Structures are given as C-alpha cells and as structure tokens.
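A look at the structure
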Amino acid sequence: MTIKDPVVEDVVATISRSATEIRQGLIGRRGTIDEENPSGETQAEADVWADGLLADRIAELDGVGQYASEERTDVIDCGDDPAESDAYAIAVDPLDGSSNLKSNNTMGTIFGVYDAALPARGETLIAAGYVLYGPITTMVIATDETVAEYELSGGERAIVDSDVTLPGEPVVYGFGGRVPDWTDDFREYAREIEHELKLRYGGALIGDVNQVLTYGGTFGYPALESRPVGKLRLQFEGNPIGYVVERAGGRSSNGERSLLAVEPEDLHDRTPVHVGNAALIDRLEKALE
Ligand code: AHG
Ligand code: MN
Ligand code: MN
Ligand code: MN
C-alpha cells in the first residue's frame, strides 16, 4: 500500500525509521524523572527522550506546520499555520504505556496527521496510526483508503496486511480503571461483556487495541466516578485510535458519540475512550444513556 500524500509518507517514514532507535533507546531510560507532563503524570526518562527525538525530526519536514505531544505543554509552530495553509499538524504520544517500562511489557508510539491547527476534531485527521513495540516491532497505518500493517526492521517497513479489518465476531475485551471506580451503568455493561468475551488487558492502549484489531472485541478506558473525563488524551490517543478502528470497520465512542466528532477545548483534554466492534459500542452507548 503506497501512501499517496507525500507529507504523510514523510511523517510515516520518519516514525517508522525512528522506531528501531526508540526501541533500542528504551534501555537505560526506564526510570522516572522528577518532571510531570501536562496531564500531571510523572514522566519516564524515555518519554522525554522519545519526544525530543521525534519532535526534532518531524518538525523539520516540509508540509508540517505544527508538532504537539502528550509530553509537552505547547504546540511547536514549525511551518505554515495549518489553519491558513495546506500544512498539517502532527500529534504524537511518543511512548504509550510507558508505565510498562518497569515490567517490560508492550508499549507503542501513536501519531495523528490533522489537516487543521491543534487542538482539532478527529474528523480533521487524514491519517493516523501506531508503532507497537512487541516481540516484533510492527506499525499500523490508517488513511482514508485503508488500514495496513507492516513489520519494521532496520529502518524499513515490510507490508504484512494491506487491508486490516476488524473481525466480525468479537473475542477479547479490556477495560481500564478500577471496578469500584466504574459508574453503575458501565459496570452493568462490563458484567455482560465479561461473560461473553476473553479478558485481554496489558496496561498499554496500543497493545490492547492491537489485540482488538486482531481478534475482534472492544477496549475501553471509561469515564470513572473519580474522573468523569477518563484518563486518555483526545488529541494524542483517542482520536488517532478512533480513526484507525473506524477505518478498519469498527466504531469509537466517548460514551455518547464517535470520538472523532468530539469538539476539543484544550490540547490536553482527556476523554473516555471506547473502540471496537460496532455492535458492542452501540450497546455501550445504550447502556450509558
Ligand atoms: P501513556 O503511557 O502514554 O501515559 O499511556 C498510558 C495509558 C494507556 O496506554 C493505557 O491504556 C492506560 O494508560 C493504562 O492505564 P492504567 O495504568 O490506569 O491501567
Ligand atoms: Mn504518560
Ligand atoms: Mn498513551
Ligand atoms: Mn505516552
């Protein structure tokens, strides 16, 4: 699958070429530093290092007007303003699941290419995807046409599936947050799902979503009693993942509507995130009405 838009191809190639270096660079950077990100979370050394590496490389690409990440407060203006030109804005979660560094479990890098200035609605995405640092480093890339999966090695990407689609029959589920902190309505929905599907929850959005894309099912990090807006970030996690799963034939939701339709107020807005088979997401929205 060739990516028609040369700027999107450059962004994707930059991230896929950086993936091997990021994976290698996790070694020796697994500790936390005495800094917080804009979401108020303690940063891992690898969070900041991966962000710096990607910011330097992506911000200098022709056609990129803005770079923003979960790890930095402000947008980097690095070219024409995407609001007034055909430049794109790139939003990145440089290291998703960095709490898994300590336990050596899966992590990822998430990106979204917005055809608008940030913060922007997910509907303005023209491409999105992620790198999964699993036993094999893979990359899933969604554009308006299709969703494709690649294996990455030595800076090259080799196609393994040129038409990734969500399997019709759901098999796995994963829900974040603690059960006592779920709302009553969500807990009731979760109880039904627990009797129907197999639990797969690894503490990194990308690893859990990749299981849903592979086997069918649903992932959710719901609104909690203690944090009604949930934990995950709309610009850097919810929108890109929502775009990938919707392009693969599934649905996304913040509990009420597609994540891509949510109007952001702030660059670091959090949102409840639900993705997976359409019938399950329809059921969820009904349960939360
Ligand atoms: P990040 O490491 O980018 O901050 O993301 C962590 C997120 C997401 O990857 C995952 O789904 C969720 O945090 C896990 O949260 P819990 O540790 O509360 O399960
Ligand atoms: Mn984080
Ligand atoms: Mn993340
Ligand atoms: Mn992160």
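As the structure is a prediction and not an experimental result, all values here were calculated from the model.

The next subject is the domain arrangement of the chain. Segmenting the chain into domains produces domain 1 (6-161) and domain 2 (172-287). Centre-to-centre separation of domain 1 and domain 2, based on C-alpha positions: 21 Å. In this assembly, 44 residues from domain 1 lie in contact with 31 residues from domain 2. Together domain 1 and domain 2 conceal approximately 2,700 Å² of surface at their shared face, both sides included; 60% is due to carbon and sulfur atoms. Three residues, P119, R121 and Y130, lead the burial of domain 1 against domain 2; their summed loss comes to 20% of the area buried on that side. Inspection of the domain 1/domain 2 interface yields five salt bridges.

For the rest of this paragraph, the subject is the pairing of strand β8 (residues 137-143). Within β8, seven of the seven residues are buried, which leaves the element mostly enclosed by the surrounding structure. Because side chains alternate across β8, one face comprises the buried residues T137, M139, I141 and T143, and the other comprises T138, V140 and A142, equally buried. As paired elements, strand β7 (residues 125-133) and β8 share seven bridges and run antiparallel to each other. Each bridged residue has a counterpart across the sheet, and for A127 the counterpart in β8 is T143. Where β7 hands over to β8, the hairpin turn is made up of three residues, counted between the paired strands. Taken together, the five bridges between β8 and strand β9 (residues 147-153) define a ladder with antiparallel strand orientation.

Within the fold, N254 resides in the loop between β15 (251-253) and β16 (270-271). In terms of polar contacts, N254 uses its side chain to reach the backbone amide nitrogen of E256, at 2.8 Å. Here the side chain of N254 touches R257 through a polar contact of 2.9 Å, landing on its backbone nitrogen. Every residue in contact with N254, bar those within four places of it in the chain, is listed here: L259, V262, T271, P272 and H274.

On to the sheet that holds strand β12 (residues 198-199), then. What the five strands build is an open sheet, ordered β12-β11-β13-β17-β15; its pairing is mixed. Looking at the sheet topology across the chains shown, the edges are occupied by β12 and β15. One ladder, built from two bridges, connects strand β11 (residues 172-175) with β12; its direction is parallel. Considered in β12, the bridge of V172 is made with K198. Strands β11, β13 (217-221) and β17 (273-276) of the sheet are contacted by helix α3 (residues 184-196), whose axis makes an angle of about 150° with β11. Strand contacts of helix α4 (residues 205-215): β11, β13 and β17, with the helix running at about 160° to β13, the strand carrying the most contacts.

Within strand β1 (residues 32-36), only zero of the five residues are buried, which leaves the element largely exposed. As paired strands, β1 and strand β2 (residues 42-44) are joined by two bridges and run antiparallel to one another. Opposite E36, over in β2, you have T42 as the bridge partner. Hairpin connection, β1 to β2: the antiparallel pair is bridged by five residues, and G40 has positive phi, about 80°.

How each quantity is defined
Throughout, residues of each chain are indexed from 1 in the direction in which the sequence is written. As a convention, the first chain written is A and the first ligand written is 1, with the rest following in written order. Given that the model is predicted, a residue must reach a pLDDT of at least 70 before its local features are reported, and side-chain atom pairs must reach 80 or more before they are shown or counted; all residues, however, enter totals for whole chains, interfaces and linings. Only heavy atoms go into the side-chain values, all of them from the structure, while hydrogens and water stay out. Residue ranges assigned to each domain were obtained from an automatic or database domain assignment. Contacts are assigned to residue pairs with any non-hydrogen atoms lying within 4.5 Å of each other. Each of two parts loses accessible area, computed with a 1.4 Å probe, when they are put together; buried area is these two losses added. Here, a salt bridge means any Lys or Arg side-chain nitrogen found within 4 Å of an Asp or Glu carboxyl oxygen. Exposed residues in this analysis have more than 50% of their type's maximum accessible area, buried residues have under 20%, and partly exposed residues fall in between, with area computed by a 1.4 Å probe over protein chains only. Only DSSP runs of H or I with at least four residues qualify as helices, and only runs of E with at least two residues qualify as strands; both kinds are numbered from the N terminus onward. Each pair of strands is called paired provided DSSP finds at least two bridges between the two strands. Counting of polar contacts relies on pairs of N or O atoms within 3.5 Å, with two restrictions inside protein: one atom must be capable of donating a hydrogen and the other of accepting it, and residues adjacent in sequence are counted only when both atoms are side-chain atoms. Helix axes are fitted to C-alpha atoms over the stretch in contact, other axes to C-alpha atoms as well, and angles between N-to-C directions run from 0 to 180 degrees.

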